Amino acid sequence: MGENLRDTVSCRSGEESGAGALRAAREAIRGAAAVEVSLDSLRGPEDWPLVYGAPGLFHVEIGAGRDTLLLELGRQLPDRLMLGFEYSRDRVERLSRKIERAGVANVRLVRSEALQCIARFLPAESVESFYVFFPDPWPKKRHEDKRLVSGPSVRLLASRLVPGGRIFLKTDDPAYSRRMLDVLEKAPFLRNEYGPGSFAPFQGPLSHETLYERKWRAQGRCIYSLVYVRTSAP
Ligand SMILES: C[S@@+](CC[C@H](N)C(=O)[O-])C[C@H]1O[C@@H](n2cnc3c(N)ncnc32)[C@H](O)[C@@H]1O
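The rules behind the values
- Residues numbered from 1 in each chain as written.
- Predicted model: local features only at pLDDT ≥ 70, side-chain atom pairs only at ≥ 80, totals over all residues.
- Buried ≥ 20, exposed ≤ 12 C-beta atoms within 10 Å, placed from the backbone.
- Helix = DSSP H or I, 4+ residues; strand = E, 2+ residues; numbered from the N terminus.
- Pairing = 2+ DSSP bridges.
- Right-handed = clockwise from strand over helix to strand, strands pointing away.
- Near = placed C-beta within 6 Å.
- Nonpolar A, V, L, I, M, F, W, Y, C, P; charged D, E, K, R; others polar.
- Core = buried A, V, L, I, M, F, W, Y, C linked by C-beta atoms within 7 Å.
- Contact = placed C-beta atoms within 7 Å.

**Overview of the pairing of strand E7 (residues 161-171)**
At step 1: Burial analysis of E7 places eight of its 11 residues in the buried class, the great majority of the element.
At step 2: As judged from the six bridges shared by strand E6 (residues 127-133) and E7, these two strands associate in the parallel manner. The partner of Ser 129 across the bridge, within E7, is Arg 166.
At step 3: In the classification by handedness, the crossover that spans E6, the intervening helix H6 (residues 151-160) and the parallel E7 is right-handed.
At step 4: When E7 meets strand E9 (residues 224-230), the two strands line up antiparallel, connected through six bridges. Counted as the bridge partner of Leu 169 is Leu 226 from E9.

Spelled out as structure tokens, the structure:
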């Protein structure tokens, strides 16, 4: 592992500097466990092989919470790089501990706002799949601009997808599901995998039941899923 690792990875405890933290981060990578990545000191997209110890295609989850989707995918796809964005420190720490205990080598979590980091650090055509499961619905009109799924964000994600790459989405919120459909159907560089305007069946990665999903299903709520495939460059 190169010396450049020194400033690019912080240990799970969230310490951002200090010899102890750096030693712990190196050990974590050697031991093939999950580490939390500090983006402040990542020079750019070229540093990802240092973070994972190998180059590869990404599977990216936006808003991982404490859910184990990436852990399961990491086991199923050992030659892919799992990257989870989550801005709650507590959730990142708890999920990191789960991943570490499981000893799955190819999962990394970034404690940060997802879209800015994707724009800045993920190379074009480097992502096989994005997972956007139960994004906060922001139902009030005055909060509309906080919603994760929008024209500009969909364009950004599509630009990072490989040709034929996919965006998987789920929500329990009927209004947000319609909004997702509206935005995604209008994107000329994407195709609805199940036909125009159609929701997707719960198969493949969509069959994974997230923590939030369990809660909503227990309350009898309906879950809406979508899959879009990149057909051309945005
Ligand atoms: C409703 S929870 C869903 C968590 C998980 N996907 C699940 O289904 O159990 C949404 C999560 O996304 C995180 N989040 C929302 N917007 C985000 C963003 N722009 N960047 C990073 N994390 C985000 C929140 O902190 C929260 O943990």
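**Details of the site of the ligand**
At step 1: In the vicinity of the ligand lie 22 residues, with Gly 63, Gly 65, Ala 114, Thr 210 and Tyr 212 positioned nearest.
At step 2: Among the elements of the structure, helix H5 (114-121) and helix H8 (211-218) are those that each provide at least two residues to the shell around the ligand.
At step 3: Considering each element in turn, the shell around the ligand owes the most residues, three residues, to H8.
At step 4: A per-class count over the shell around the ligand returns 12 nonpolar, four polar and six charged.

**A few points about the nonpolar core**
At step 1: Counting 45 residues, the largest nonpolar core has Leu 70, Phe 130, Val 132 and Ile 167 as its most contacted members.
At step 2: If you tally residues by element for this core, the top one is E6, at five residues.
At step 3: With residues up to four places along the chain from it excluded, the contact list for Ile 167 reads Phe 130, Val 132, Leu 157 and Tyr 228.

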